[in-house]
Amino acid sequence: MKVLVIGGGAREHALCRSLSLDPEVTALYCAPGNAGIAEVAELHPVDALDGDAVARLATELGAGLVVVGPEAPLVAGVADAVRAAGIPCFGPSGEAARLEGSKAFAKDVMAGAGVPTARSYVCTTPAEIDEALDAFGAPYVVKDDGLAAGKGVVVTEDVEAARAHALSCDRVVIEEFLDGPEVSLFAITDGTTVLPLQPAQDFKRALDGDEGPNTGGMGAYSPLPWADPKLVDEVLDTVLQPTVDELRRRGTPFSGLLYAGLAITSRGVRVIEFNARFGDPETQVVLARLKTPLAGVLLASAEGTLDELPPLKWRDDAAVTVVIASHNYPGTPRTGDPIDGLAEVAAQDAPDAYVLHAGTRAEDDAVLSAGGRVLSVTATGKDLAAARERAYTALGRIRLDGSQHRTDIALKAAGG
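Reading the values: rules and limits
- Note on numbering: residues in each chain are counted from 1, in written sequence order.
- Only residues with pLDDT of at least 70 are given local features in this predicted model, and only at 80 or more are side-chain atom pairs given and counted; all residues enter the totals for whole chains, interfaces and linings.
- Calculation of side-chain values draws on the structure's entire complement of heavy atoms; hydrogens and water are dropped beforehand.
- For helices the rule is a DSSP run of H or I covering at least 4 residues; for strands it is a run of E covering at least 2, with both sets numbered from the N terminus onward.
- The globule rule used here is 2.2 Å times the number of residues to the 0.38 power, and the radius of gyration it is set against is calculated over C-alpha atoms.
- Exposure categories follow from relative accessible area, calculated using a 1.4 Å probe and restricted to protein chains: below 20% of the type maximum is buried, above 50% is exposed, and the middle band is partly exposed.
- Here a cavity denotes a set of grid points, spaced 1 Å apart and computed over the protein atoms alone, in which a 1.4 Å probe fits but from which it cannot get out, and a pocket denotes an open set meeting protein on both sides within 12 Å along at least five of seven lines; residues with an atom within 4 Å of a point are reported as lining.
- Grid points are joined across faces, edges and corners, and a volume is the space filled by probe spheres set on the points.
- When residue character is reported, Ala, Val, Leu, Ile, Met, Phe, Trp, Tyr, Cys and Pro are called nonpolar, Asp, Glu, Lys and Arg charged, and the others, Gly included, polar.
- A side-chain nitrogen of Lys or Arg and a carboxyl oxygen of Asp or Glu constitute a salt bridge if their distance falls within 4 Å.
- Any two strands are treated as partners once DSSP identifies two or more bridges connecting them.
- The contact criterion used throughout is that any non-hydrogen atoms of two residues lie within 4.5 Å.
- For helices, the axis comes from a line fit to the C-alpha atoms of the stretch in contact; other axes are also lines fit to C-alpha atoms, and the angle between any two N-to-C directions lies between 0 and 180 degrees.
- Among buried residues, those of type Ala, Val, Leu, Ile, Met, Phe, Trp, Tyr and Cys that are joined through side-chain atoms within 4.5 Å constitute a nonpolar core.
- In what follows, roughly perpendicular refers to angles from 65 to 115 degrees, roughly parallel to angles under 35, roughly antiparallel to angles over 145, and oblique to any angle outside these ranges.
- Should the near helix be turned anticlockwise from the far one by less than a right angle, the crossing is termed left-handed; should it be turned clockwise, right-handed.
- Pairs of N or O atoms are called polar contacts if they sit within 3.5 Å, as long as, within protein, a hydrogen donor faces a hydrogen acceptor (for residues adjacent in sequence, only side-chain-to-side-chain pairs).

> Help me get a handle on the overall build of the protein, residues and values and all.
In terms of regular secondary structure, the protein is built from 13 helices and 24 strands. For a compact globule of 416 residues, the expected C-alpha radius of gyration is about 22 Å, and the protein comes in at 20 Å, within 12% of that figure. In terms of principal-axis extent, the alpha carbons of the protein reach across some 55 × 45 × 40 Å. Classification of the 416 residues of the protein by burial places 57% in the buried group.

> Kindly report on unusual backbone geometry, identifying the contributing residues and their values.
With an omega of 10 degrees, the peptide bond running from Tyr329 to Pro330 counts as cis. Along the chain, Pro330 turns up in the loop between strand S18 (318-325) and strand S19 (339-340). Of the consecutive residues Ala350 and Pro351, the connecting peptide bond is found in the cis state with omega at 0 degrees. Position of Pro351 relative to the elements: it lies in the loop between helix H12 (342-348) and strand S20 (353-357). Located in the positive-phi region is Asn328, a residue other than glycine, with phi close to 80 degrees. As for its position among the elements, Asn328 is in the loop between S18 and S19. Unusually for a residue other than glycine, Ala410 sits at a positive phi of about 65 degrees. Positionally, Ala410 belongs in the segment after strand S24 (399-400). What makes Ala410 buried here is its relative accessible area of 1%.

> Lay out the layout of surface pockets with the relevant residues and their values.
Reported here for the second largest pocket is a volume of approximately 400 Å³. At the level of secondary structure, the elements contributing two or more residues to the lining of the second largest pocket comprise helix H1 (10-20), H12 and S20. Element by element, the count of residues in the lining of the second largest pocket is highest for S20, at 5 residues. For the lining of the second largest pocket, the per-class residue count stands at 13 nonpolar, 3 polar and 2 charged.

> I'd like to hear about the pattern of salt bridges, residue by residue, with values.
Inspection of every chain in the model, using the stated rule, returns 27 salt bridges. Here Arg11 and Glu12 are joined by a salt bridge, their closest N and O atoms 2.7 Å apart. Of the two residues, Arg11 and Glu12, neither departs from the other in class, the shared state being buried. Here Lys382 and Asp383 are joined by a salt bridge, their closest N and O atoms 3.6 Å apart. Bridged by salt links that share partners, the residues Asp108, Glu246, Arg249 and Arg250 form one connected network.

> An account of the pairing of strand S4 (residues 65-68) is needed here, citing residue identities and associated values.
Residues Leu65 and Val67 point to one face of S4 and Val66 and Val68 to the other, with burial holding for every one of them. With 4 bridges joining them, strand S1 (residues 2-7) and S4 adopt parallel strand pairing. Bridge pairing links Ile6 to Val68 in S4.

> Please set out the sheet that holds strand S23 (residues 373-381) residue by residue, giving values where relevant.
Taken together, the 5 strands give an open sheet; going across it, the order is S12-S15-S18-S23-S20, and neighbouring strands pair in antiparallel fashion. Only two strands of the sheet have a single partner each, and these edge strands are strand S12 (201-202) and S20. Two strands pair when backbone bridges link them, and S18 and S23 are joined in this way by 8 bridges, in the antiparallel orientation. The residue of S23 that forms the bridge with Val323 is Ser376. The sheet strands contacting helix H10 (residues 282-289) are S12, strand S15 (219-222), S18, S20 and S23, and the helix crosses S18 at an angle near 150 degrees.

> Describe the nonpolar core, listing the residues and the values that go with them.
Grouped together as the largest cluster of nonpolar side chains are 78 residues, with contacts concentrated most on Leu4, Val66, Leu99, Leu240, Val320 and Ile398. For this core, the element with the highest residue contribution is helix H9 (residues 231-249), accounting for 8 residues. Formed by 40 residues, the second largest nonpolar core is a distinct cluster that contains Ala200, Ala220, Val285 and Ala319.

> Could you give me a rundown of the packing of H1 against H10, with the residues and numbers involved?
Helix packing geometry: the angle between the two helix axes and the distance between the axes. Interaxial distance between H1 and H10 falls to 8 Å at its minimum, and their mutual angle equals 15 degrees. With respect to H10, the axis of H1 lies roughly parallel. Note on packing geometry: the crossing formed by H1 with H10 is left-handed. Contact with H1, carried on its side by Ala10, Arg11, Ala14, Leu15 and Ser18, involves Thr283, Gln284 and Leu287 of H10 and no other residues of that element. A per-class count over the contact of H1 with H10 returns 4 nonpolar, 3 polar and 1 charged.

> Give me the side chain of Ser93: which residues, what numbers.
If you trace the backbone, Ser93 turns up in the loop between strand S5 (89-90) and helix H5 (98-101). Ser93 gets classed as buried once you look at its relative accessible area, which sits at 15%. A distance of 3.1 Å separates the side chain of Ser93 from the backbone nitrogen of Ala96, its partner in a polar contact. Sequence-distant contacts of Ser93, defined by excluding residues within four places in its chain, comprise Leu74, Asp80, Arg83 and Pro253.

> Residue-level account of the environment of Val46, with values.
One can find Val46 in the loop between strand S3 (42-43) and helix H2 (51-61). What makes Val46 buried here is its relative accessible area of 19%.

> Residue-level account of the sheet that holds S4, with values.
Consider a sheet: its strands pair through backbone hydrogen bonds, and that pairing is either parallel or antiparallel. A sheet is described by the order of its strands in space; here 5 strands give the open sequence S3-S2-S1-S4-S5, paired in parallel fashion. Each edge of the open sheet carries a strand with a single partner, namely S3 and S5. One ladder, built from 2 bridges, connects S4 with S5; its direction is parallel. Residue pairing for S5: Val66 is matched across the bridge by Cys89. Across the sheet, H2 is in contact with S1, strand S2 (27-32) and S4; its angle to S1 comes to roughly 155 degrees. The sheet strands contacting helix H11 (residues 294-303) are S4 and S5, and the helix crosses S4 at an angle near 90 degrees.

Below, the structure is given as structure tokens:
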């Protein structure tokens, strides 16, 4: 099978790494990719938001499967264009991807499916915003209705900060605050069958101790030793399957990766948000633990044959990933700085620890920073403490001027 992956972040590097290890994959391409992905896949330039261009590239390459990584191309209908060209595509239609593209649409689907979530108001005027903020009180949860690259949500005790964020959005969802730890659970679906993966937890705040602004994610770990062993089955029954069934009932079947962001509250599991693609940085740890070759699972989703697959196999190992971000992230990040130490990690820490590239580019013989989140240092070990130690040992070899990272990823879960 020839596989083309669309995107150029750490999520796509994690996908490409897993696909490159799959014996069924005879050729692996990525567009546009990054400096790290270039080591495992052949890179091609493409406008990832241009469905016709992506479909043309897939046709020229003779791809038997296209995997669309990021949310923006999915919402733009890139998967539809690929399927229209007769090529199997892993990723939902533009219509189904509204589950991530519009928070209000997701709330409507959850209401129809009877899925437990936070009470909320959709607001478009200053008066509606003030009414909703008053109704729920602090802490205030304000979400941009549209795509915002993981940075459209503000959770604050400050009503003026909440109001300012709400007023900066065209359409905003204001909802009650959900207490309790958060869990990310991915599921692969073909629109009928739903195959849950292993849960992970990510760290959204920029600084240690969950301080600082929200980011796209500064690290993650899996498994969750503190979670109820029945959690995955419960979420499959009460959240994932009902959502997939509701979308099919509406005539907009969802195939691809359904990501449920969950709060384990004092009143039970509640959905915080849905995403229509693999989450970053949770993908890095979930795929590190997946034993079943990836390509066949993604193809079965694209072709509607997930019910024919044997159960997924998982490694017993734990996995931890720590994000190295550039100076000033999540504000306007500084880019163009050289990255050193990557060869040292490859020589001294592999295969137990490795570096997945997010915002990087190659220039001559150098690798330079090219985004806010630059690298994800990922490691496995017999338990979270061992995986964590390996991840931070490898991270210590990397040099990037002005970079930042959290030092407490998986610390509490590992018993620290």
